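# Coordinate inspection notes
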Amino acid sequence: MPNRCIKEGDNPDLTKERKTCTFDTDELTANLYGSRNNMERRREITKKISADPDFADPIPHDFLSREKCIEATAKKTKAVVQRGSEFCDVTNYYEMLHLINEAIGIGGYPLALHYGMFLPALEGQAEKELTDDIIPRAKNLEVIGAYAQTEMGHGTNLRELETTATYDKATQEFIINTPTRSAMKWWPGNLGKMSNYAVVTCQLFIDGRKIGPHNFLVQLRCEKTHEPLPGIIVGDIGPKMAFDTNDNGFLALDNIRVPRKNMLMKHAKVSPDGVYTPPMHAKLNYGTMVYVRAHMLYAHGQFLATAAIVATRYSAVRRQGRIEHGVPEVQILDYQTQQHRIFPQIARAYAIIFTYMDIKDQYDAMIKGIAEGQTDLLPDLHAITSGLKSVVTHMAGLGIEQCRMACGGHGYSDASGLPKLYGVQIGGCTYEGENMVMLQQTARYLMKAVASALQGKPLSHSVAYFGKKSSGKSRIGKEGGDIAREHEAMLEALEHAACRLSVEASQMWEKRGRGGETKERAWNGVTVEMNRAARVHTRVFMARSFHRRVTSSPPSIRPVLTDLLSLYLHYECVDMAHHLLEDGFCSGEQIRYLKSRLYEDLTTLRPNAVSLVDSFDQSDRELNSVLGRRDGNVYEALYQWARKSELNYTDVLPAVQKYVMPMMEENRSKL
Ligand SMILES: CCCCCCCCCCC/C=C/C(=O)SCCNC(=O)CCNC(=O)[C@H](O)C(C)(C)COP(=O)(O)OP(=O)(O)OC[C@H]1O[C@@H](n2cnc3c(N)ncnc32)[C@H](O)[C@@H]1OP(=O)(O)O
Ligand SMILES: Cc1cc2nc3c(=O)[nH]c(=O)nc-3n(C[C@H](O)[C@H](O)[C@H](O)COP(=O)(O)OP(=O)(O)OC[C@H]3O[C@@H](n4cnc5c(N)ncnc54)[C@H](O)[C@@H]3O)c2cc1C
């Protein structure tokens, strides 16, 4: 079967792997990106960018200072903006995303938050009077914006943000102020140096009454000189774990006046005479976060895919050790432990991307509903995206680390691309709401679902399975080799566990309440269990999404996807075996059966492993990894990469000349 990656001159082990492929890699790629046309468009963009001198990196960013990286990235950003239509349809979200990944990379760029949050906030929350003015200018990049919500002292607990917006009826303006040091905005991406505007989240005050967090458009810098405006202190928060090319910033505002229309008033309103009208749903002002939480699933699925590509290809190329005496050294991909480390990451990357597709459909339906005055889809979507954001970022982070370690010593080198990838990706556990906090949002929703299920009330989409009657005993291992029924048995077991954990968490919560604790204190005494239930529920949602996508996939790729789904479900069930065993729903024998099936899956997938990661269709530019390169010619490339280190510009380093040589000389002369 064709694997389109085969080319002359490639590492022979990789070519051999590609020849064992049992499916058409292009079919799978097209399925992953929605259509053959989308796949072709991605490839055209890659080809054009790779050949364009404006996007060439004579020195890899690994060897540059942060300032030099930012300069190189800003230059490329300008080229993308000015010449974007030469490469792609700039109105197409996915084409633009791909263009930016190819042209710029993952470490941040001056417009990341402008496109990722500033514009979505204005489009989703501002009303016509404001959008008519600012959105065309923002889209035309006459101005650049950030989304400034988090403060030094508060990020999670939005209710306690300290920045104030006080309405002045006399002038029909809001006065925006940073009252304390801890009220300084801290962290917002692209706020420090790039943006001249920001959507700033403030506590709204009218007639001395605190109304709660609302968003305001504030100009930060002069449009001509880019100097901060009077009363505004703004800068970069300094080096951090990754995102080197993003100027995450700080901001203090000293009683800055903005006109009334600068409040984002699509949902909540303040009239000229200071009358406040609340939104039709209390949390519509938090809509931008739901948008990002939904869309970041795609980015994190791709991050994990990158790591899986690198680890799989490198493991096919690297030969070390023997499985039996007297035979040549084996590809490290033949070790069962290596497969057990890497293959679940391949399956999880597919699962995350497929889940994103479902969520995107739900998100679009919710937005349509809101436009028609209905918010009924929001609570379910908020609950499941809060869980998915948390589970996916954590899963991807653990997976990337596994892939990095699976590359041995070279995985520790920046040449692998994996340390940087991990640094960027793992930020997702924190931003858009710290994971432990967001899981509690899901758990709250589960508690309501438990109550509804007990009362026989209707259940919404993500929790509909709470209404199913459990069979009491799992059917795992009793389906006589019928793979479809085996998949269903595993899904049923996971649903049973999620439901049981939710019910038990609810009972623990109630029990503490009956013991005299307030609801809130009792909640804090059971949050570990609450979050556990939320995680398992979220993993059920992902498993169902993956299952749906596989069973509806074209017949040509269904067999390989079914193998991948088998591995995914067996791995998930073994990983959550304690939840399946705890109440006796599954027996020890059934868990042993799941493990043996998982080991069979590793062997089944082995011939297709390289082709499965090739099907993600990430280019060498996107991978940015010497170890993961498509042609597998790793060792020569590794040496050429190291030669570029600034330590190798001279054979004798100035620091050695200045301190180390004299020290040795002194020691010699002492003898
Ligand atoms: C295109 C994007 C591609 C992405 C690629 C990656 C790019 C990287 C860029 C990184 C950028 C990062 C940006 C940021 O981090 S911006 C700042 C994000 N900040 C947060 O996420 C803060 C987290 N905190 C919160 O969201 C809330 O404060 C929290 C939900 C934790 C609690 O809020 P609150 O105390 O007000 O509410 P309650 O818990 O009491 O809940 C009350 C009810 O409201 C419901 N609720 C809460 N939030 C929402 C929401 N967003 N939508 C709908 N409903 C919501 C909640 O469920 C409660 O409902 P019930 O009363 O019915 O139980
Ligand atoms: C790379 C990056 C980019 C960012 N970009 C932006 C941006 O563009 N705009 C913006 O406004 N912000 C941005 N942020 C800020 C980010 O949104 C916040 O850092 C994040 O929401 C977490 O909030 P926090 O820092 O207040 O964490 P904290 O809430 O202080 O978390 C610290 C610990 O306390 C725990 N905790 C807190 N509350 C609870 C609770 N109720 N129950 C149990 N445990 C709790 C947490 O679980 C965590 O373990 C960014 C952050 C990063 C790292």
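Residues numbered from 1 in each chain as written. Chains lettered and ligands numbered in written order. Predicted model: local features only at pLDDT ≥ 70, side-chain atom pairs only at ≥ 80, totals over all residues. Heavy atoms only, no water.

Where we set the bar: UniProt positions are given in the numbering used here, feature names are shortened, and annotations may be inferred rather than shown by experiment.
The name an unreviewed UniProt entry assigns to the protein chain is Acyl-coenzyme A oxidase, from the organism Pristionchus entomophagus. Reading the Sequence similarities (unreviewed entry) entry of the UniProt record for the protein chain gives the comment "Belongs to the acyl-CoA oxidase family." In the Cofactor (unreviewed entry) part of its UniProt record, the protein chain is described as follows: "FAD".

## Structural notes on the UniProt feature "domain: Acyl-coenzyme A oxidase N-terminal" (unreviewed entry) in the protein chain
Inclusion rule: A helix here means a DSSP run of H or I that spans at least four residues, while a strand means a run of E at least two residues long, and both kinds are numbered starting from the N terminus.
Residues annotated by UniProt as "domain: Acyl-coenzyme A oxidase N-terminal" (unreviewed entry) correspond here to residues 24–144. Structurally, residues 24–144 is divided into 69% helix and 0% strand, and its ends, taken at the C-alpha atoms, are 43 Å apart.

## Topic: the domain arrangement of the protein chain
What counts, and what does not: The start and end points of each domain follow an automatic or database-based domain assignment. Two parts placed together each lose some accessible area under a 1.4 Å probe, and the buried area is that loss summed for both. Criterion for a salt bridge: a side-chain nitrogen of Lys or Arg within 4 Å of a carboxyl oxygen of Asp or Glu. In protein, a polar contact requires one atom able to donate a hydrogen and another able to accept it; more generally it is a pair of N or O atoms within 3.5 Å, and residues adjacent in sequence count only if both atoms are side-chain atoms.
For the protein chain, the assigned domains read domain 1 (123–277) and domain 2 (283–632). Where domain 1 abuts domain 2, roughly 1,200 Å² becomes buried across the two surfaces, and 63% of that area is made up of carbon and sulfur atoms. When residues of domain 1 are sorted by the area they lose upon contact with domain 2, Gln 125, Phe 243 and His 267 head the list and together hold 36% of the total. If you look at where domain 1 meets domain 2, you find 0 salt bridges. In this assembly, domain 1 and domain 2 are joined by 3 residue pairs in polar contact (both at pLDDT 80 or more).

## Concerning unusual backbone geometry
One non-glycine residue, Glu 432, adopts positive backbone phi at about 60°. Along the chain, Glu 432 turns up in the loop between helix H12 (418–426) and helix H13 (435–454). One non-glycine residue, Asn 624, adopts positive backbone phi at about 50°. Inspection of the secondary structure assignment puts Asn 624 in the loop between helix H21 (620–623) and helix H22 (634–643).

## Some details on the pattern of salt bridges
What counts, and what does not: Relative accessibility thresholds used throughout: buried, under 20% of the residue-type maximum; exposed, over 50%; partly exposed, between the two (1.4 Å probe, protein chains only).
Scanning all chains against the criterion turns up 57 salt bridges. Linking Asp 617 and Arg 43 is a salt bridge whose minimum nitrogen-to-oxygen distance equals 3.0 Å. Within this pair, whereas Asp 617 is found in the loop between helix H20 (609–614) and H21, its partner Arg 43 is found in helix H3 (residues 36–51), the two being separated by 574 residues in sequence. On the accessibility criterion, Asp 617 (17% relative accessible area) is buried. A salt bridge links Glu 151 to Lys 185; the nearest nitrogen and oxygen atoms lie 3.1 Å apart. In this pair, Glu 151 sits in the loop between strand S1 (145–148) and strand S2 (164–168) while Lys 185 sits in strand S4 (residues 185–186), placing the two residues 34 residues apart along the sequence. Residue classification places Glu 151 among the buried residues on the basis of a relative accessible area of 2%. Classification of Lys 185 as buried rests on a relative accessible area of 1%. Linked through salt bridges whose partners overlap, the residues forming this network are Arg 4, Asp 24, Asp 26, Arg 43 and Asp 617.

## What to know about the site of ligand 1
Let me state the cut-off plainly: Working definition: residue near molecule or strand if any one of its non-hydrogen atoms lies within 4 Å of it. Note on areas: Shrake-Rupley, 1.4 Å probe, and residue coverage restricted to the protein chains presented here. Throughout this entry, Asp, Glu, Lys and Arg are counted as charged residues, while Ala, Val, Leu, Ile, Met, Phe, Trp, Tyr, Cys and Pro are counted as nonpolar. The remaining residues, Gly among them, count as polar.
The environment of ligand 1 is formed by 28 residues, the closest being Arg 159, Lys 283, Arg 293, Gln 441 and Lys 448. Contact between ligand 1 and Tyr 286: an oxygen atom at 3.4 Å from a side-chain N or O atom of the residue. The contact in question runs from an oxygen atom of ligand 1 to an N or O atom on the side chain of Gln 441, over 2.9 Å. Protein chains shield 80% of the accessible area of ligand 1, which is 1,300 Å² for the free molecule. At the level of secondary structure, the elements contributing two or more residues to the shell around ligand 1 comprise helix H6 (112–125), helix H8 (287–317), helix H10 (378–406) and H13. For the shell around ligand 1, the element with the highest residue contribution is H8, accounting for 6 residues. By residue class, the composition of the shell around ligand 1 is 13 nonpolar, 9 polar and 6 charged. Residue-level mapping places the shell around ligand 1 at the junction of two domains, with at least three residues from each of domain 1 (123–277) and domain 2 (283–632).

## Section: the site of ligand 2
Near ligand 2 lie 19 residues; those nearest to it are Tyr 147, Gln 149, Thr 150, Thr 156 and Glu 434. Gln 149 is positioned such that a nitrogen or oxygen atom in its backbone is 3.0 Å from an oxygen atom of ligand 2. Separating a nitrogen atom of ligand 2 from a side-chain N or O atom of Gln 440 is a distance of 3.1 Å. Ranked by residue count, the leading element in the shell around ligand 2 is H13, at 3 residues. Broken down by class, the residue content of the shell around ligand 2 amounts to 8 nonpolar, 9 polar and 2 charged.

## Overview of the nonpolar core
Under the convention used in this document: Residues enter a nonpolar core if they are buried and are Ala, Val, Leu, Ile, Met, Phe, Trp, Tyr or Cys, with the set joined through side-chain atoms within 4.5 Å. Contacts: residue pairs with any heavy atoms within 4.5 Å of one another.
By size, the foremost hydrophobic cluster in this structure holds 144 residues, and its most contacted members are Ile 346, Tyr 350 and Phe 616. Among the elements that take part in this core, H8 stands out by supplying 19 residues, more than any other. Both domain 1 (123–277) and domain 2 (283–632) contribute no fewer than three residues apiece to this core. Leaving out residues up to four positions away in the same chain, Ile 346 has contacts with Ala 308, Thr 312, Leu 564, Ala 609, Leu 612, Val 613 and Phe 616. Formed by 26 residues, the second largest nonpolar core is a distinct cluster that contains Ala 148, Phe 174, Val 258 and Met 263.

## Details of the packing of aromatic side chains
The description of two aromatic rings rests on the distance between their centres and on the angle between their planes. This is how it is decided: Note on aromatic contacts: the rings of Phe and Tyr and the six-membered ring of Trp form a pair at centre separations within 6.5 Å, being stacked when their planes are under 30 degrees apart, edge-to-face when over 60 apart, and tilted otherwise. Only when the NZ atom of a Lys or the CZ atom of an Arg is both within 6 Å of the ring centre and within 35 degrees of the ring normal do we say a charge sits over the ring.
Applying the stated rule across the entire model yields 16 aromatic pairs. Centroid distance Phe 546 to Tyr 568: 5.2 Å. Interplanar angle 75°. Geometry classified as edge-to-face. Of this pair, Phe 546 sits in helix H16 (residues 527–551) while Tyr 568 sits in helix H17 (residues 558–575), and the two are 22 residues apart along the sequence. Per residue, the accessibility class of Phe 546 equals that of Tyr 568, and both read buried. The ring of Tyr 33 carries Arg 42 above its face, with NZ or CZ at 3.9 Å from the centroid.

## Things to note about the sheet that holds strand S7 (residues 232–236)
Threshold: In this analysis, strands are considered paired if DSSP registers two or more bridges between them.
As summarised here, the arrangement of the 3 strands in space is S4-S8-S7, forming an open sheet in which the pairing is antiparallel. Among the strands making up the open sheet, the edge pair consists of S4 and S7. Summarising the sheet, S7 and strand S8 (residues 249–253) pair through 5 bridges and their orientation is antiparallel. In the sheet register, Ile 233 faces S8, and the bridge partner there is Ala 252.

## A closer look at a positive patch on the surface
How we decide: What goes into a patch is any residue over 30% in relative accessible area without a salt bridge, connected to like charges within 9 Å or, for nonpolar side chains (Val, Leu, Ile, Met, Phe, Trp, Tyr), within 5 Å. Charge counting treats Lys and Arg as positive and Asp and Glu as negative, with His and both chain ends excluded. Just so you know, the charge point we use is NZ for Lys, CZ for Arg, CG for Asp and CD for Glu.
A surface patch of positive charge is lined by Arg 159, Lys 283, Arg 444, Lys 448 and Lys 519. Looking at the secondary structure, you find Lys 519 in helix H15 (residues 519–525). Classification of Lys 519 by relative accessible area gives exposed; the value is 57%.

## Re the side chain of Thr 164
Tracing the sequence through the fold places Thr 164 in strand S2. Setting aside residues up to four positions removed in sequence, Thr 164 forms contacts with Ile 175, Ile 176, Asn 177, Cys 202, Gln 203 and Phe 205.

## Structural notes on the state of the cysteines
Selection rule: Disulfides are defined as cysteine sulfur pairs within 2.5 Å.
Summed over all chains, the structure comprises 0 disulfides. Unpaired in terms of disulfides, Cys 499 finds its nearest cysteine sulfur in Cys 586, a separation of 15 Å. Residue classification places Cys 499 among the buried positions, given a relative accessible area of 19%.

## Section: the side chain of Ser 452
With respect to the secondary-structure elements, Ser 452 resides in helix H13. Those residues within four positions of Ser 452 in sequence are excluded, and the remaining contacts are Lys 457, Pro 458 and Leu 459.

## Considering the packing of H10 against H16
The cut-off we apply is this: Only the stretch in contact is used when fitting a helix axis, every axis being a line fitted to C-alpha atoms; angles between N-to-C directions are given from 0 to 180 degrees. If an angle is under 35 degrees, it is roughly parallel; if it is over 145, roughly antiparallel; if it lies from 65 to 115, roughly perpendicular; otherwise it is oblique.
Between H10 and H16, the shortest axis-to-axis distance is 9 Å and the interhelical angle comes to 90°. In terms of their interaxial angle, H10 and H16 are classed as roughly perpendicular. Along its contact with H10, which presents Ile 384, Gly 387, Leu 388, Val 391, Val 392 and Met 395, the element H16 presents Arg 535, His 537, Thr 538, Arg 539, Phe 541 and Met 542. Its residues assigned to classes, the contact of H10 with H16 comprises 7 nonpolar, 3 polar and 2 charged.

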